[in-house]
Amino acid sequence: MPLYEMGEMGDVGRRIGTVMMFSALGALIGPPISGAILKASGGLEGVSYYAGSAIIASTILMVWTKRLVKGSWSGRF
């Protein structure tokens, strides 16, 4: 769902700023964690587990948020 369809047009900047803030946090926090895992394990297998678990956790949080907002597990926003 595009950000401009989620409410008033006057709030688009706020929503885009919020999305950019969380994207920037992920970009700042992810690589050092991946580097530490790579250094500790000596291979990319641990890094791939970290990345996969981050994606799964994000998906679970998005589905849970949809449930909280909509009140049901199915349907569109």
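Here is a short report on the structure shown in this document. (Residues numbered from 1 in each chain as written. Predicted model: local features only at pLDDT ≥ 70, side-chain atom pairs only at ≥ 80, totals over all residues. Heavy atoms only, no water.)

**A few points about the overall build of the chain**
Across its full length, the chain carries 2 helices and 0 strands. Whereas a compact globule of 77 residues would reach a radius of gyration of roughly 11 Å, the chain reaches 17 Å, over 25% beyond that. For the chain, the C-alpha atoms occupy an extent of roughly 50 × 30 × 15 Å along the three principal directions. As displayed, the chain offers around 6,200 Å² of accessible surface, 71% of which is attributable to carbon and sulfur atoms. (Helix = DSSP H or I, 4+ residues; strand = E, 2+ residues; numbered from the N terminus. Rg over C-alpha atoms; globule rule 2.2 N^0.38 Å. Areas by Shrake-Rupley, 256 points an atom, 1.4 Å probe, with all protein chains shown as cover.)

**Considering helix H1 (residues 12-41)**
Across its 30 residues, H1 extends 43 Å between first and last C-alpha, which sits within 8% of the 44 Å expected from 1.5 Å per residue. Among all positions of H1, only Val12, Arg15, Gly30 and Ser34 are buried. Once H1 finishes, glycine 42 follows within two positions and takes phi at roughly 80°, a positive value. (Expected span 1.5 Å × (residues − 1). Buried < 20%, exposed > 50% of the residue type's maximum accessible area, 1.4 Å probe, protein only.)

**Details of the environment of glycine 43**
Summarising the element assignment, glycine 43 is placed in the loop between H1 and helix H2 (44-70). A relative accessible area of 24% places glycine 43 in the partly exposed class. Put simply, glycine 43 and isoleucine 56 are 13 residues apart on the chain and 21 Å apart in space, counted from C-alpha to C-alpha.

**What to know about the layout of surface pockets**
For the second largest pocket, the calculated volume is near 150 Å³. Every residue lining the second largest pocket is listed: Phe22, Gly26, Gly30, Tyr50, Ala54 and Ser58. At the level of secondary structure, the elements contributing two or more residues to the lining of the second largest pocket comprise H1 and H2. In terms of residue class, the lining of the second largest pocket is made up of 3 nonpolar, 3 polar and no charged. (1 Å grid on protein atoms, 1.4 Å probe; cavity = no way out; pocket = protein on both sides within 12 Å on 5 of 7 lines; lining within 4 Å. Points joined across faces, edges and corners; volume = space filled by probe spheres on them. Nonpolar A, V, L, I, M, F, W, Y, C, P; charged D, E, K, R; others polar.)

**Description of the packing of H1 against H2**
Where H1 contacts H2, the two axes come as close as 8 Å, and the packing angle between them is 145°. H1 and H2 meet at a crossing whose hand is right-handed. Here H1 contributes Gly30, Ile33, Ser34, Ile37 and Leu38 to the contact with H2, which in turn contributes Leu44, Gly46, Val47 and Tyr50. Across the contact of H1 with H2, the residue classes break down as 6 nonpolar, 3 polar and no charged. (Axes fitted to C-alpha atoms, helices over the stretch in contact; angles between N-to-C directions. Left-handed = near helix turned anticlockwise from the far one by under 90°. Contact = heavy atoms within 4.5 Å.)

**Points about H2**
Helix length check: H2, at 27 residues, gives a terminal C-alpha distance of 39 Å against a target of 39 Å (1.5 Å per residue), a fit within 8%. Note on H2: the residue one or two positions beyond its end, glycine 71, has a positive phi of about 85°.

Everything listed here is a matter of geometry and, on its own, says nothing about what the molecule does.
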